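# Structural description and commentary
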Amino acid sequence: MKGRLQKIKRETDVITWRYSLVFLIVIVLLGTGFLYAAKAHFSAMNYSMKNERLQKEIEELENNQRKLKLKKEIASSPSEVEKAARRLGFRQMSPQDIQVLSKAKSVNNNSSEELSREAVRRQKDGQSAEEKQIKYAKTGDLKE
Amino acid sequence: MPASIRKKDFRQETFVRFLLIVALFTIWLGIIGIRLVYLQISQHEFFKERAISQRRDKVRKRMMRGTIYDRSGRALAMSVKARSLFLNPQEIENPFIAAEILASVFKFKKEEILKELLKAKQEGKRFFWVGRKIEEEQAKRISETLQREAQAKGLSVIKEQITGFYWQEDQKRVYPLGSLAANVIGFSNIDDVGQAGIELSQESNLRGAVVRKWQERDRLGRVFDSEMEEKEPPKDVYLTISASIQHRVEEALKEGVEKAKAKSGIAIVIEPKTGEILAMANYPSFDPNFYSRFSSELFSNRAIQNVFAPGSTFKVVSYGAALDRGLIAPDEVVDCGNGVIQIADRKFKDTHCRKSFQDSIVVSSNIAAIRAAQRLGEDGFYSYLRAFGFGEQTGIELPAESTGILSQKERWSSASLASIAIGYEIGVTALQMALVFATVANDGVMMKPRIVKEIRYSEGTYRKMEPEARKVLEEQTASVLRKMLYQVVLRGTGRLADPDGYTAAGKTGTAWKYDEKLKKYNSEKYVSSFIGFAPVQKPAAVVAVVLDEPRTERRNGGDVAAPIFRRIMEQILPELQIPPDEALVAEEKIETSNTDFSEVPRVAVQDSDRKTDEKRRRKRED
């Protein structure tokens, strides 16, 4: 009896095995997908937090920059500079300290003149109200 | 009962039971499903909002107020981060201990703070300011001291926070240069709203909007995402003022006002070619960092808000108008009778008779100025007054500018023309008068005064303020006037205004003050002024100095205001890189009235030392 039983060959269901394999692959894929998504999620969270920390740091640095700028402005205020200069033996600049080497023409003056000329030209071109007023002024017939 | 039937019954019973359990499960799941559908579909919005509110919070934040800079980019007013402390009286466990701690840290009177705290608690208030705009380092120190004191006295402190005590982020306005240009810059109040000066006039540009920031937090309360509401950031304002020149002008004015024992003083420096204000000083002034400690009378910018009778400085307008119409010539001799002329019911006296118009302005003759105006007539003179901008605002970017006082021509009395010609019956601001001289210095072209140079946006772009001009006098008229005014400084009433190294032109003014109580001019109180420009040939700066009620023995404009003008010019012209011209002009003996500046040849400047020394000696002798 025992020997007869031993001769029985179990049949394997190939379809079941195939299904199981597909099922396993799907499970592994899904699992991997979930793991990847979780990793991406936590990584995004982590980066967001780092980003926030950096933002805060930028704000703090800007704030510090403002404070330093304020200190610089206070330290270099004209009255402070004057005090320091006098302490070091400097004296107030006088006209005699200026040596004119060539025909003197300051850059500032030129640009100012140009501005002035430009403004007058614009005024003339534009037939503005001021022009009319001046016309009235010349004829002694100003009316407001 | 046969065994097979019993077995069948048992199986059936088991199956029924199984079905029952399945049915129960199905019903249970169905109920859950229905509930989920209800919660997730019908109540979707409500729970979504609740979920968001659990992990998101909203922070309201005010952007930093814009900075005010001078023309070279030096910060005159800026905001820094600060913190404010407030209490929730309802959360304060023991007001007595809280008051004790606050009194010791903030140096308050314990009884007063306790009284206010108890009152707030009783009234159900949930907000009570303790300290506002405390600088960060100081706030940190205070916070630590408060915690120590609170722990020692038994108040509950959780996560470094005392129950009922809250710190709020804030900002503080700081004026790094203190009182420098305080009347121009103005100040902003505790709520960061501009109250005076540029702070007020440029409020719309400087004000930082309140922005909302949404923060998302994880289960541990850590912020992992934030979203900021988009709003236009505040702009920075660049002024035409030069901090360095302003400092020098303020120093000179302070010294001059104290020396003259005057009530107050004003000084303005204008670049005539552009109309840019380089300095505008008031003395006495205030420190905007501690504005609450000063009288509000000091806050006004008297250079544009105070109206005064200009006196003799106004004669420039009378001469200028008559010259422009070709009604007078500089060398024409003025007949002033025996030194007294009567117009309507008023007598105008003069000690300088039978002089040319040129010499009359040198000695500041009243009758000559009246004669010049009379030739124009009321209509003509009035039209020039309007063309010079009297009776209207100059349009400078500062608040509360006065128009001055100029009566309608129809309301003039028979003597008004004569009075106005010598600077009475008219009210002007120092800026209006400075502009008259700037017009003469700028070949008859009046530039609109500007104090805001440009507005800069956060993204780096900027809006530049364009100059505006109008022609008031002919170029030739302005040139003749400059020469006449040069003589005033060289040999007339303004000799003390003559700066070393430079030629200068200008006019003195000494006017009686109008007394509101007496309803007439008070001969005891003066407004002394000197307004002029330098160098004469190519004016680079116009300086107006006005002193209110000088009380020294010699208190004419030429005695008290002219030396201030001189000191200012001597200091600012080298800074503006203007080469000295006195030696060049002196070489050609320019003291005659017919001098043509354009023909003056250039000579070596090394000679200037000798000339200047001679001049100094002459001044000392004077």
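This is a predicted model, so every value here is computed, not measured.

## A word on helix 3 (residues 95-106) of chain B
For the α-helix, the turn length of 3.6 residues means that residues three or four positions removed from each other point alike. Residue and element names in this part refer to chain B. Between its terminal C-alpha atoms helix 3 stretches 16 Å, which fits the 16 Å expected from 12 residues at 1.5 Å a residue. Among the 12 residues in helix 3, nine count as buried, and that is most of the element. Those residues of helix 3 that fall on the buried side of the exposure criterion are Pro95, Ile97, Ala98, Ala99, Ile101, Leu102, Ala103, Val105 and Phe106. As for helix 3, its buried residues are in contact with strand 3 (75-87), helix 4 (110-122), strand 4 (128-135), helix 5 (136-152) and strand 7 (165-174).

## Some points on the sheet that holds strand 1 (residues 56-62) of chain B
All names here are of chain B. Read across the open sheet, the three strands follow the order 1-8-9; overall the sheet is antiparallel. This sheet does not close on itself; its edge strands, each paired only once, are strand 1 and strand 9 (223-228). Averaged over all pairs of adjacent strands, the angle between strand axes in this sheet comes to 25°, irrespective of strand direction. Sheet topology places strand 1 next to strand 8 (residues 210-217); seven bridges connect them, and they run antiparallel.

## Some thoughts on the side chain of Gln571(B)
Residue placement: Gln571(B) occurs in helix 17 (residues 557-575). Among the residues examined, Gln571(B) registers a relative accessible area of 13% and is labelled buried. Look past the residues within four positions of Gln571(B) in its chain and what remains in contact with it is Gln92(A) and Arg248(B).

## Quick word on the packing of helix 11 (residues 315-324) of chain B against helix 13 (residues 366-387) of chain B
Residue and element names in this part refer to chain B. Viewed as axis vectors pointing N to C, helix 11 and helix 13 meet at an angle of 70°, and their least axial separation amounts to 8 Å. The angle between helix 11 and helix 13 falls in the class roughly perpendicular. Contacts between helix 11 and helix 13 pair Lys315, Val317, Ser318, Tyr319, Ala321, Ala322 and Asp324 from the former with Asn366, Ala368, Ala369, Ala372, Leu376, Phe381, Tyr384 and Leu385 from the latter. Classifying every residue of the contact of helix 11 with helix 13 by side-chain character gives 11 nonpolar, two polar and two charged.

## A word on a nonpolar patch on the surface
Residue and element names in this part refer to chain B. On the surface, Ile21, Phe25, Trp28, Leu29, Ile32 and Leu36 cluster together into a nonpolar patch covering about 600 Å² of accessible area. Here Leu36 shows up in helix 1 (residues 3-42). On the basis of relative accessibility, which here comes to 41%, the residue Leu36 falls in the partly exposed class.

Reading the values: the criteria
Residues numbered from 1 in each chain as written. Chains lettered and ligands numbered in written order. Predicted model: local features only at pLDDT ≥ 70, side-chain atom pairs only at ≥ 80, totals over all residues. Heavy atoms only, no water. Helix = DSSP H or I, 4+ residues; strand = E, 2+ residues; numbered from the N terminus. Expected span 1.5 Å × (residues − 1). Buried < 20%, exposed > 50% of the residue type's maximum accessible area, 1.4 Å probe, protein only. Contact = heavy atoms within 4.5 Å. Pairing = 2+ DSSP bridges. Axes fitted to C-alpha atoms, helices over the stretch in contact; angles between N-to-C directions. Parallel < 35°, antiparallel > 145°, perpendicular 65-115°, else oblique. Nonpolar A, V, L, I, M, F, W, Y, C, P; charged D, E, K, R; others polar. Patch = residues over 30% accessible without salt bridge, like charges linked within 9 Å, V, L, I, M, F, W, Y side chains within 5 Å. Areas by Shrake-Rupley, 256 points an atom, 1.4 Å probe, with all protein chains shown as cover. Salt bridge = Lys/Arg side-chain N within 4 Å of Asp/Glu carboxyl O.

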